[in-house]
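# Summary of structural features
Here is what each chain is made of, one letter per residue.
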Amino acid sequence: MIKAVMMMNTQGKPRLAKFYDYMPVEKQQELIRGVFSVLSSRPENVSNFLEIDSLFGVDSRLVYKHYATLYFVLVFDGSENELAMLDLIQVLVETLDKCFSNVCELDIVFNYSKMHAVLDEIVFGGQVLETSSAEVMKAVEEISKLEAASNSISLVPKSVSGWRGR
Amino acid sequence: MASSNSLMDSLFQRSLEDLIKGIRLHLLGESSFISKSVDEIRSEIKLTDLSTKSIALQKLSYLAALHGVDMSWAAFHAVEVVSSSRFGDKRIGYHAIAQSFSDQTPVLLLITNQLRKDLNSSNEYEVSLALECLSRIGADDLARDLTSEVFTLLGSSKAFVRKKAIGVVLRVFDKYPDAVKVCLKRLVENLDSSDPHILSAVVGVFCELTTKDPRSYLPLAPEFYKILVDSRNNWVLIKVLKIFAKLALIEPRLAKKVADPICEHMRRTVGKSLLFECIRTVLSSLSDQESALKLAVAKIRDFLVDDDPNLKYLGLHALSIVAPKHLWAVLENNEAVVKALSDEDLNVKLEALHLLMAMVNEENVSEISRILMNYAREMARIPHCQRGQEIGHQMIDIGTRIKDVRLELVRVSRSLLIDPALLGNQFMHPILSAAAWASGEYVEFSKTPYEIAEALLQPRTSLLPPSIRAIYIHSTFKILVFSLRGYFTAQEPISPPLVQESTSSGSSAVNCFTYKSISSLMNMIELGLRSLSGTLDVEVQERAKNVLGFIGMIEHEIAEKVTGQDNETAVSSAIVFMEDVFSDELGPVSSTAQEKVPLPDGLEIKENLEDLQEICGEFLKPIFESNSNTNSFSASDKISFSVTKLSIRDQQEASSSSSPPPESASLLAEHRKRHDLYYLSSQKKDEHNDSNGNNNTLNEYPPANEISGDSFNPKKKMNQSKPRPVVVKLDEGDDDLKTKPNASSNDEPLSRAIQTALMGKGMGKEREKDNHEKILDSGIKEQSSGKEKKTKKKNGEKSSKHRSRRRSDKEASAAKPVEIVDFLL
């Protein structure tokens, strides 16, 4: 089971954090900080795994990948294969790439809900649901269409940026 | 972007994008901006307009996830938002709910109806929203109420929905075990699906379920076997392998059958992930299958020499799995392991270290301990190494067990203690405390006790936590006593045999203590500790005062010694006494202790007694797992008997023995009479144990005073860092029998439910599906035919499942081992 998915930049600012076991927000922030402190001390050419029993409890492992300014982190337990998790990060990044075309950190910052849509298609309740980025893309596009359709019912723009003109 | 309270701004709500932009602009005043936004959100969210509410909720979720703002107060509003008919609002609402609701949220039940509506919706995306929410926050009541909807969805024609329903089943089963009756059948049917997405979802769920409770899913082994052989999808195969790893542990015949397909996969596959999983499965569960094991070890070798650090790490990890039972695999890859010790990557180093400890035997122990010491030295350069504690323990362990290495240990400890920079590194502290302890304990090996004492008292030690400081002071005391002893024996014309024996092992120690050196030593100690006698921490203060008191007591006598030549002054006897006190405390130091304490027969290594506390915890585990009846020793024999057993077992390093020693058989019978109710029928237990050939290699427990040297493994393991003595837990049979492995009180209803569901189904399946015959040989044993007739009758009738469940509950546990046996014959 996957326990958490995190994306943080090289300064430790979290860009996405999803925990599949309930925990209060302070604990979440603490964990994010803990993970970042371990990650930031890792040199370049080492393995992508970490033992983080002290943070997440027994039998938890962490896989991370460093892409440009972002760390993608997956925390999971013994019922997932480590190399497969590494592949999963790859799938996630590829899907994001397709979604935003040459995705960069800013895209992730400003597209909070779309990010979650993508992630929710891949990891469902802690289980890996989908590993083909094409499938995920299809689903995410559908969802965006539905959302846009439902939101276009309102004619008067409801947000500041809407008011300032599109 | 205006952040002032203009009229326009107050009419129009900030969207999430605005919020993000705002936060980015306010780099310095971020927290104040955030709290201002939270206040805004609070007022916005109370408005009745759903879309305003939803945007406010979205902003709040964002803040909660990324900036740690608490959003539990908005729970009710989330429920309101979810009831909107607009898809966008629903999405935001469910997202917020999934993120912030827990079992304790009071409004949790309010969403039941909404969930039900959405689960029945025709829009598959709405369904998936609801499913996702349920999978993350499903509580008992929710699970119970929504089971039927989930059941319907499990049979949905849309694969998109079905795979999510499958995913949610895991959570539902966990929270509401009775759902098994309804859903398991559909779940199992999905195992036959040809859609790879569905299949991977299903096996994923089964993998999780099997991890918690393997025994209940054993009847499904044939289906998994089919998938193992047929499937080409790596994800699916990995999960199935994990399932088999768990199943094969409890059913060794399965191991034989599964070994061949796994080897096939190992040879054929290109995917490293699958290869690694095969290796891992073979090593952990199929390690008796010779050919599979050899192939796996060969593949590990490929991993180890690969350049990719991930593969190297995984290779070492795999070796450490196999190390306990098949040390030859580790020894074959000796050079790789040692090379890995100096690898840049911390993980690799740690794994190599573990392996190294496993590899220790009499020949290479000194070499290995040298490597270990170097490693400890290197630790100083690793800022975040969290294994300090372990390293410290290893050091002490090695010191107490292996006499030859003490010299090396003291040498290294000295270099560690002297370095002032290390004191600042918090992670080094456990190692430093080990070093200090070792220096004090084995001071006779040291060439320069004065230097060590100086190092132990250096001003920077104030950086240490009080407990370690206390160790430092105590070690200083030991050094002082040793030096004084040396001084006094140097004075006395006839060296008593005691001192000779104690220093004979430390032949390199130089014992020329002059009055000047002793007095300077004492002065230094006094100086260093005087400041501590007023310290806040009681432990440190006490120890400091002890030493100071001791010094005060003897210092004027020392001065006298220069003039007088008495052999037996009060002081020197006091010194002897002190030294003996130290010898007694931690057994294996000097032979003076041997003469002081009468040893009971059979007691071999003294340190076992001292480590009793430490390893007591480990003892409790074997006794629970092996379900053995060795806990039948009467209270009267407690201490001496148990100690004897302890020491013998420790030497033997019997990893697990499940049959009681012959001499306690009568005690066992007595215990049985008393607690007969709690004993399972012994015949079946013994059969079962015997059939698990691999688990109980050390079944024969030798009588107390015999030390059989024939078994290779126990001797080897003697020098391992982590001993595995089987315990002698005294007369707590009740506790033992209550805590069964793999079944917490929560899981029991679930496993029972699953077992009954599968038993009823399984029998039917055997008749219907012919393609199982190559796996399941025909023949239903006569033994269980009676039970089976009952279940066959009830197979097709769902309504009678309730009745049968109650009855089969009682029989389930007793008949269980026999039932499962049949499937694999």
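Analysis parameters
Numbering of residues starts from 1 in every chain and runs along the sequence as written. Here chains are named by letter from A upward and ligands by number from 1 upward, in the order in which they appear as written. In keeping with the predicted nature of the model, local features appear solely for residues at pLDDT of at least 70, side-chain atom pairs appear and are counted solely at 80 or more, and the whole-chain, interface and lining totals rest on all residues. Side-chain measures were taken over the full set of non-hydrogen atoms in the model, leaving aside hydrogen atoms and water. Secondary structure elements are taken from DSSP: a helix is a run of H or I of four residues or more, a strand is a run of E of two residues or more, and numbering for both begins at the N terminus. For every residue, the accessible area (1.4 Å probe, protein chains only) is compared with the maximum for its type, and the residue is labelled buried under 20%, exposed over 50%, or partly exposed between those bounds. Note on contacts: a residue pair is in contact if any heavy atoms of the two residues lie within 4.5 Å. Surface exposure here means Shrake-Rupley accessible area, sampled with a 1.4 Å probe, where a residue is shielded only by the protein chains that are shown. Here a pair means two rings of Phe, Tyr or Trp (six-membered ring of Trp) with centres within 6.5 Å. Their orientation is stacked below 30 degrees between planes, edge-to-face above 60, and tilted elsewhere. DSSP calls a pair of strands paired once it identifies at least 2 bridges connecting them. Angles here are taken between N-to-C directions and fall from 0 to 180 degrees, while the axes themselves are lines fitted to C-alpha atoms, restricted in helices to the stretch in contact. The length a helix should cover is 1.5 Å for every residue beyond the first. Should an angle lie under 35 degrees it is considered roughly parallel, over 145 roughly antiparallel, and from 65 to 115 roughly perpendicular; all remaining angles are considered oblique. For this classification, the nonpolar set comprises Ala, Val, Leu, Ile, Met, Phe, Trp, Tyr, Cys and Pro, the charged set comprises Asp, Glu, Lys and Arg, and every other residue, Gly included, is treated as polar. When two parts are brought into contact, each loses some accessible area as probed by a 1.4 Å sphere; the total of that loss over both is the buried area. Definition used for salt bridges: Asp or Glu carboxyl oxygen within 4 Å of a side-chain nitrogen of Lys or Arg. For every residue, the predictor reports its confidence as pLDDT, a number between 0 and 100. Note that His is not counted, nor are the chain ends; the positive residues are Lys and Arg, and the negative ones are Asp and Glu. Among buried residues, those of type Ala, Val, Leu, Ile, Met, Phe, Trp, Tyr and Cys that are joined through side-chain atoms within 4.5 Å constitute a nonpolar core. What fixes the domain bounds is an automatic or database domain assignment. Left-handed is the label given to a crossing in which the near helix is rotated counterclockwise from the far helix by less than a right angle, and right-handed is the label when the rotation is clockwise.

This part covers the overall build of chain A. A tally of regular secondary structure across chain A gives seven helices and seven strands. Here chain A, with 166 residues, has 58% of them falling under the buried criterion. Partitioning the intrachain contacts of chain A with sequence separation of at least 6 by distance along the chain shows that 49% fall at a separation of at least 24. Here chain A displays about 6700 Å² of accessible surface, and carbon together with sulfur accounts for 53% of that area.

For the rest of this paragraph, the subject is the overall build of chain B. Per the secondary structure count, chain B includes 42 helices and zero strands. Classification of the 825 residues of chain B by burial places 55% in the buried group. Taking contacts inside chain B between residues at least 6 apart in sequence as the whole, the part at least 24 apart equals 72%. Just so you have it, chain B exposes about 36400 Å², and 53% of that area is on carbon and sulfur atoms.

All names here are of chain B. Enumeration according to the criterion identifies ten aromatic pairs over all chains in this entry. Ring geometry for Y125 and F160: centres 5.1 Å apart, planes at 50°, overall tilted. Residue Y125 is located in helix α8 (residues 124-137), and its partner F160 is located in helix α10 (residues 159-175); the two are separated by 35 residues in the primary sequence. The pair formed by Y125 and F160 is uniform in burial state, with each residue classed as buried. Arranged with centres 6.0 Å apart and planes meeting at 75°, the rings of F206 and Y217 form a pair that is edge-to-face.

What follows concerns the sheet that holds strand β3 (residues 49-51) of chain A. All names here are of chain A. Strand order in the open sheet made by the five strands is β2-β1-β5-β4-β3, with antiparallel pairing throughout. Strands at the two margins of the open sheet, each flanked by one partner only, are β2 (14-19) and β3. On average, each strand axis in the sheet is inclined to that of its neighbour by 20°, with strand direction left out of account. Across seven bridges, the pairing between strand β4 (residues 61-67) and strand β5 (residues 70-76) is antiparallel. Counterpart to V63 in the pairing with β5 is L74.

In a regular helix each residue adds 1.5 Å, so 18 residues correspond to 26 Å; helix α4 (residues 50-67) of chain B covers 25 Å between its end C-alpha atoms and thus fits that length. By the criterion of burial, α4 of chain B is predominantly enclosed, with 16 of the 18 residues buried.

With that settled, consider the packing of helix α14 (residues 234-250) of chain B against helix α16 (residues 272-285) of chain B. Residues and elements named next belong to chain B. Put simply, α14 and α16 touch, their axes get as near as 9 Å, and they point 5° apart. With respect to each other, α14 and α16 are oriented roughly parallel. Facing N234, L237, I238, L241, K242, A245, A248 and L249 of α14, the residues of α16 in contact are S273, L274, E277, C278, R280, T281, S284 and S285. Considered class by class, the residues forming the contact of α14 with α16 number eight nonpolar, five polar and three charged.

This next bit is on the interface of chain B and chain A. With 77 residues of chain B at the interface, the matching set in chain A holds 69 residues. For the pair chain B and chain A, the summed buried surface comes to about 6200 Å²; carbon and sulfur atoms form 56% of the total. When the area that chain B buries against chain A is broken down by residue, the three leading residues are L66, R91 and W235 of chain B, summing to 11%. The interface formed by chain B and chain A includes six salt bridges. For K239 of chain B, the salt bridge identified is with E80 of chain A, shortest N-O distance 3.1 Å. When residues in the side of chain B that touches chain A are grouped by element, the largest group, nine residues, is from α4 of chain B. In the side of chain B that touches chain A, the residues fall into 28 nonpolar, 25 polar and 24 charged.

What follows is about the pattern of salt bridges. A side chain of one charge can pair with a side chain of the opposite charge if their charged atoms are brought near each other. A complete count under the given rule lists 29 salt bridges over all chains for this structure. The salt bridge involving D59 of chain A is made with R61 of chain A; its shortest N-O contact spans 3.1 Å. Since its relative accessible area comes to 14%, R61 of chain A is described here as buried. With its nearest N and O atoms 2.6 Å apart, the salt bridge here joins E130 of chain A to K163 of chain B.

As a further point, take the pairing of β2 of chain A. Residue and element names in this part refer to chain A. When you tally the buried positions in β2, you get six out of six residues, the bulk of the element. Looking at chain direction, strand β1 (residues 2-9) and β2 are connected through five bridges and run antiparallel. When the sheet's bridge partners are listed, M6 is paired in β2 with A17. Once β1 ends, the chain turns through four residues before running back antiparallel as β2, passing G12 with a positive phi of about 95°.

Residue and element names in this part refer to chain B. With 61% of its residues at a pLDDT of 70 or more, chain B shows a mean pLDDT of 68. Low confidence marks residues 563-568, where pLDDT is under 50. Its contacts with residues over four positions away, or in another chain, come to five contacts. Taken as a whole, residues 762-825 scores under 50 in pLDDT and shows 72 contacts with residues more than four places along the chain or in a different chain.

All names here are of chain A. Within the element layout of this structure, L31 appears in helix α1 (residues 25-40). Overall, the relative accessible area of 3% leaves L31 in the buried class. Spatially, the C-alpha atom of L31 lies 6.6 Å from that of L55, the residues being 24 residues apart in sequence. Not counting residues up to four positions away in its chain, the partners in contact with L31 are F19, M23, L55 and F56.

The subject of this paragraph is the side chain of R469 of chain B. Tracing the backbone through its elements, the reader meets R469 of chain B in helix α27 (residues 466-491). Despite being buried, R469 of chain B has no salt bridge partner; D537 of chain B is the closest side chain of opposite charge, sitting 8.7 Å away.

So, about the nonpolar core. Grouped together as the largest cluster of nonpolar side chains are 182 residues, with contacts concentrated most on I2 of chain A together with F173, F206 and M266 of chain B. Here the element with the most residues in this core is helix α3 (residues 82-100) of chain A; it accounts for twelve residues. When residues of this core are assigned to domains, at least three map to each of domain 1 (10-100) and domain 2 (289-359) of chain B. If we ignore the near neighbours within four places in the chain, the residues touching F173 of chain B are A179, V180, C183, L184, L187, L209 and L750 of chain B. By size, the runner-up hydrophobic cluster in this structure holds 50 residues, among which are A438, I452, I525 and V547 of chain B.

On a regular strand, one side chain projects to one face of the sheet and the next to the other, so that they alternate. Residues and elements named next belong to chain A. Where burial is concerned, most of β5 is hidden: seven out of the seven residues are buried. The side-chain alternation of β5 yields two buried faces, one formed by L70, F72, L74 and F76 and the other by Y71, V73 and V75. Where β4 folds back onto β5 in an antiparallel hairpin, the turn is made up of two residues, including A68, whose phi is positive at roughly 50°.

Residue and element names in this part refer to chain B. Look at helix α17 (residues 290-305) against helix α18 (residues 309-322): their axes get within 8 Å of each other, and the N-to-C directions meet at 145°. The handedness of the crossing between α17 and α18 is left-handed. When α17 is examined against α18, the residues L293, I300, F303 and L304 are found in contact with a partner set consisting of L311, K312, L314, G315, L316, A318, L319 and V322. Tallied by class, residues from the contact of α17 with α18 come to ten nonpolar, one polar and one charged.

Per-residue confidence for chain A averages 83 on the pLDDT scale, and 92% of its residues sit at or above 70. Predicted confidence in chain A is weakest over helix α7 (residues 160-163) of chain A, with a mean pLDDT of 58, and strongest over β5 of chain A, with 91.

Mapping N48 of chain A onto the fold places it in the loop between α1 and β3. Dropping the residues within four chain positions of it, N48 of chain A is found in contact with L62, V63, Y64, K65 and L86 of chain A together with N310 of chain B.

As a further point, take unusual backbone geometry. Residues and elements named next belong to chain A. We note that A68 has phi near 50°; this positive angle belongs to a residue other than glycine. With respect to the helices and strands, the residue A68 is situated in the loop between β4 and β5. By relative accessible area, which is 71% here, A68 ends up exposed. Of note, S101 is a non-glycine position whose phi angle comes to about 50°, a positive value. Mapped onto the secondary structure, S101 falls in the loop between α3 and α4 (105-110).

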